Amino acid sequence: MDIGTASAEPGERATGHLEATALPTGGDERLPVIVARGEEDGPTLWVTGGVHGNELTGVAATQDVLADGVPEGLRGTVVCVPICNPAGLRRVERTSYYHGDDPNRYFPGSDAEDGDDGADDRVQELIAERLYDAIVESADAHLDLHTAQVRSVPFVIRDRVLYDPETADENGADGTDGDHGDGEETDGEGTDGGRTEEEARDLADRLDALAAATDLPVVTEYPAEEYTDRNLDRSAAGAVCNKAGIPALTLELGSYGVVEEDHRAAGVAAVYRAMVHLGMLDEVPADVATEAPPLESPVDFPVRRFRGPNAPRAAICRHRLEAGETFEAGETIADLVSPHGDVLETVAVDHDGYVLGRANAVCYENDPITSLAVRDEDDLVAPRE
């Protein structure tokens, strides 16, 4: 198994780099790679971290998945790329200094189906394309490790699975949504540009099973129209799932800017649970399992992501609820106060659910004040409009 300059024989752990782009100061921007190959054949799991340069718990968890070498009894291969945005990590910033916008909205790079030959792609898009191509060439599953807001609770994001409403089942598109096997993507078939609704539901079932296996609270992405409006189908996991038809998840592991050890341990354990689910291991190693704190959803109904409610005016926000606390529709969750501390407005929520994390206490008009998990009544599978 060769990934960039990392080459692992059966039973070996190897390190190396993926070359991302040349630098004007000389040399190359490189992504560190760790590969562990089992003695027996099996699936290939990719684990990535640091797509956002300040999300350090995701970086640390990705580093630690293979810190002790090849997991005992491993069947197949684990590929870890802990730092996918070196330019952001150097400054401990979410974005890179190439363009200043979100690097997790560039996957899978240029869209060849639209006739784009990539000649005008910006650097971050080229880096995303090279990483994406490496992932889908071999992956049977992909976990992308992130963090959310300050003091947020860990959770796993399950993407909506999109299909082409004009593709009828009787067209017989094979797609890549069945057994992925060699990880190769066929051009058009199996992507949401040629995926049937039946194929999408099969992929959604496999994605749902992988999410449940992580044993983290599961939060579904925004409704389909908002999901594509936010370009989340061009996130790393969103593109690997919806473009290549490979089950892929985003794990959110607490706060940005620091390594939170308990959430790092939860992330490592979630990856090992995914390995067990994929048939790569018989069980999670005892030390990995015992180090991770138990995490479960505080509500018993399906939830999706929601950013809001929005502040009706500029103010200092005093949140009434901590991350992980539940609420009911109509409940006041924050007060907006003046510079003198007088309450100017109260902010209520229109949904049932719980708090994932809180936004900056300094808010301007229409700024979302919280990140929430709210009751989800939408289908996991949706047509791309």
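Residues numbered from 1 in each chain as written. Predicted model: local features only at pLDDT ≥ 70, side-chain atom pairs only at ≥ 80, totals over all residues. Heavy atoms only, no water.

Some details on the sheet that holds strand β15 (residues 332-337)
- Strand order in the open sheet formed by four strands is β16-β15-β13-β18, with antiparallel pairing between adjacent strands. Both outer strands of the open sheet, β16 (343-348) and β18 (362-363), are each paired with one neighbouring strand and no more.
- As judged from the two bridges shared by strand β13 (residues 315-319) and β18, these two strands associate in the antiparallel manner. The partner of Ala315 across the bridge, within β18, is Cys363. (Pairing = 2+ DSSP bridges. Helix = DSSP H or I, 4+ residues; strand = E, 2+ residues; numbered from the N terminus.)

Some points on unusual backbone geometry
- Across the junction of Phe107 and Pro108, the peptide omega takes the value 5°, indicating a cis bond.
- For Pro108, the location among the structural elements is in the loop between α2 (86-91) and α3 (123-138).
- Despite not being glycine, Val92 shows a phi value in the positive range, around 50°.
- If you trace the backbone, Val92 turns up in the loop between α2 and α3.
- We classify Val92 as partly exposed; its relative accessible area is 43%.
- Positioned with a positive phi, Asn366 is a non-glycine residue whose angle comes to about 75°.
- Structurally, Asn366 is set in the loop between β18 and β19 (370-375).
- For Asn366, a relative accessible area of 52% translates into the label exposed. (Buried < 20%, exposed > 50% of the residue type's maximum accessible area, 1.4 Å probe, protein only.)

Points about the packing of aromatic side chains
- Overall, the coordinates contain one aromatic pair when judged by the stated rule.
- For the pair Tyr97 and Tyr98, a centre-to-centre distance of 5.4 Å together with 65° between the ring planes defines the contact as edge-to-face.
- Over the ring of Phe301 we find Arg375; its NZ or CZ atom is 3.9 Å from the centre of that ring. (Phe/Tyr/Trp six-rings, centres within 6.5 Å; stacked < 30°, edge-to-face > 60°. Lys NZ or Arg CZ within 6 Å of the ring centre and 35° of its normal.)

Points about the nonpolar core
- Judged by nonpolar contacts, the single largest core of 70 residues is most densely connected at Trp46, Val78, Leu143, Leu251 and Met275.
- Apart from the residues within four sequence positions on either side, Met275 is in contact with Leu45, Val65, Leu74, Val78, Met280 and Leu281.
- Among the nonpolar cores identified, the runner-up in size contains 15 residues, and Phe327, Val349, Cys363 and Val374 belong to it. (Core = buried A, V, L, I, M, F, W, Y, C linked by side-chain atoms within 4.5 Å. Contact = heavy atoms within 4.5 Å.)

Some points on the pattern of salt bridges
- Summed over all chains, the structure comprises 22 salt bridges.
- The closest approach of N and O atoms between Arg75 and Asp282, which form a salt bridge, is 2.9 Å. Highlighted residues: Arg75 in strand β6 (residues 75-81) and Asp282 in the loop between α7 (261-277) and α8 (286-291), separated in sequence by 207 residues.
- Ionic contacts of the salt-bridge type, sharing partners, join the residues Glu55, Arg94, Asp102 and Arg105 into one network. (Salt bridge = Lys/Arg side-chain N within 4 Å of Asp/Glu carboxyl O.)

Remarks on the environment of Asp159
- Considering the arrangement of structural elements, one finds Asp159 in the loop between β8 (155-158) and β9 (161-163).
- Separated by 152 residues in the primary sequence, Asp159 and Ser7 place their C-alpha atoms 32 Å from one another.
- In this structure, Asp159 is in contact with Leu207, Glu221, Tyr227, Leu232, Ser235, Gly238 and Ala248, ignoring residues within four places of it in sequence.
- Separated by 2.4 Å, the side chains of Asp159 and Tyr227 make a polar contact. (Polar contact = N/O pair within 3.5 Å; in protein donor to acceptor, adjacent residues only side chain to side chain.)

What about the pairing of strand β11 (residues 248-252)?
- In terms of residue burial, β11 counts as a mostly covered element, since five of its five residues are buried.
- Of the pairings in the sheet, the one linking strand β7 (residues 141-146) to β11 comprises five bridges and is parallel in character. Within β11, the residue paired with His146 across the bridge is Glu252.
- Examined bridge by bridge, β8 and β11 share three bridges and lie antiparallel to one another. Bridge pairing in β11 links Ile157 to Thr250.

Section: the layout of surface pockets
- By volume, the largest pocket amounts to about 770 Å³.
- Taken together, 34 residues make up the lining of the largest pocket; nearest its centre are Arg94, Thr147, Ala148, Gln149 and Arg307.
- Only β8, β11 and β12 (303-307) provide two or more residues apiece to the lining of the largest pocket.
- Of the residues in the lining of the largest pocket, the class split is 10 nonpolar, 12 polar and 12 charged. (1 Å grid on protein atoms, 1.4 Å probe; cavity = no way out; pocket = protein on both sides within 12 Å on 5 of 7 lines; lining within 4 Å. Points joined across faces, edges and corners; volume = space filled by probe spheres on them. Nonpolar A, V, L, I, M, F, W, Y, C, P; charged D, E, K, R; others polar.)

What to know about empty space enclosed by the protein
- What the rule picks out here adds up to one cavity of 30 Å³ or more.
- Within this model, the largest cavity holds a volume of roughly 50 Å³.
- As for the largest cavity, its lining consists of Val51, Cys84, Asn85, Pro103, Phe107, Gln124, Ile127, Ala128 and Leu131.

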